[in-house]
Structure formats: structure tokens, C-alpha cells
Amino acid sequence: MCNRLRTTIPRARNRRVCDWCGQTIEAAERYVCATYLDEGGWRNTSMHPECDEDMCIVAAEEGGCIVLARDNERPVVREALEEKGLLP
Ligand SMILES: [Zn+2]
């Protein structure tokens, strides 16, 4: 996961699996579709927007390159917690 070339935020036409947390991205849900170029060639990833944010933070900490194993924890969406009054 090195050079990020392109990022789009489409609505999923079909169910997909998030490359960060391994959970489902439901049809019609928005997700981050990113295209990368690394030693192995082109690669597209699909992630929940909050997972993409976490992945970018971890990748920066790791020096730019990480291996995706779909076993990371899905971050709690801050806005959803704020709406429910669960954040101070
Ligand atoms: Zn996810």
C-alpha cells in the first residue's frame, strides 16, 4: 500500500467487504475506493470512510506502506455518537 494515485467515494452498487475491517459495506452505502501502485502493480481498495481514515494514520506511522489483512477494528463513527449524545 504505497503510492495512492486516485480516490473516489462512490455508492456501492453491490455488497462489498471493507479491506480494513473485513465488515460488509452495504449496497447504496458510500465507501472510499482508492487506487494504489506498489511493487506488485495496481491495486484497488474498498473501505468504510472511517476505516480509510484510520488506515491513512497507520500507514503514515508505518512510513507509508502497510499490508491489508481485513482484520482491523472498525472505528466508531464520531458523528453517530454525537447524534446520540454519547460524547461530551
Ligand atoms: Zn471498514
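Below you will find a few notes about this structure. (Residues numbered from 1 in each chain as written. Predicted model: local features only at pLDDT ≥ 70, side-chain atom pairs only at ≥ 80, totals over all residues.)

Let's talk about the pairing of strand β1 (residues 3-8)
- Summarising burial for β1: 0 of the 6 residues are buried, a small minority.
- Bridge analysis of β1 against strand β4 (residues 32-38) gives 5 bridges, and the strand direction is antiparallel. Residue threonine 7 lies in a different strand from β4, and its bridge partner there is alanine 34. (Buried ≥ 20, exposed ≤ 12 C-beta atoms within 10 Å, placed from the backbone. Helix = DSSP H or I, 4+ residues; strand = E, 2+ residues; numbered from the N terminus. Pairing = 2+ DSSP bridges.)

Some thoughts on the nonpolar core
- Residues Cys18, Trp20, Cys21, Ile25, Tyr31, Val32, Ala34, Met47, Cys51 and Met55 constitute the largest nonpolar core, which totals 10 residues.
- Counting residues per element, the ones that place at least two in this core are β4 and α1 (49-61).
- Non-local contacts of tyrosine 31, meaning those with residues more than four positions away in its chain, are made with Ala12, Arg16, Ile25, Ser46, Met47 and His48. (Core = buried A, V, L, I, M, F, W, Y, C linked by C-beta atoms within 7 Å. Contact = placed C-beta atoms within 7 Å.)

Some details on α1
- An ideal rise of 1.5 Å per residue puts 18 Å on 13 residues; α1 measures up with 19 Å between its terminal C-alpha atoms.
- Turning to α1, its buried residues are Cys51, Asp52 and Met55. All buried residues of α1 project into a common sector of 100° when viewed along the axis, lining one side. Opposite the buried face of α1, by more than 90 degrees, sit the exposed residues Ile57, Ala60 and Glu61.
- Where the residues of α1 are buried, they touch β4 and β5 (41-47).
- Following α1 by one or two positions, glycine 63 has its phi on the positive side, about 90°. (Expected span 1.5 Å × (residues − 1). Arc of directions from axis to C-beta.)

Focus on the sheet that holds β5
- In space, the 3 strands of this open sheet follow the order β1-β4-β5, with antiparallel pairing throughout. Since the sheet does not close on itself, it has two edges, and those belong to β1 and β5, each with one partner. Direction aside, the axes of adjacent strands within the sheet are offset by 20° on average. (Axes fitted to C-alpha atoms, helices over the stretch in contact; angles between N-to-C directions.)

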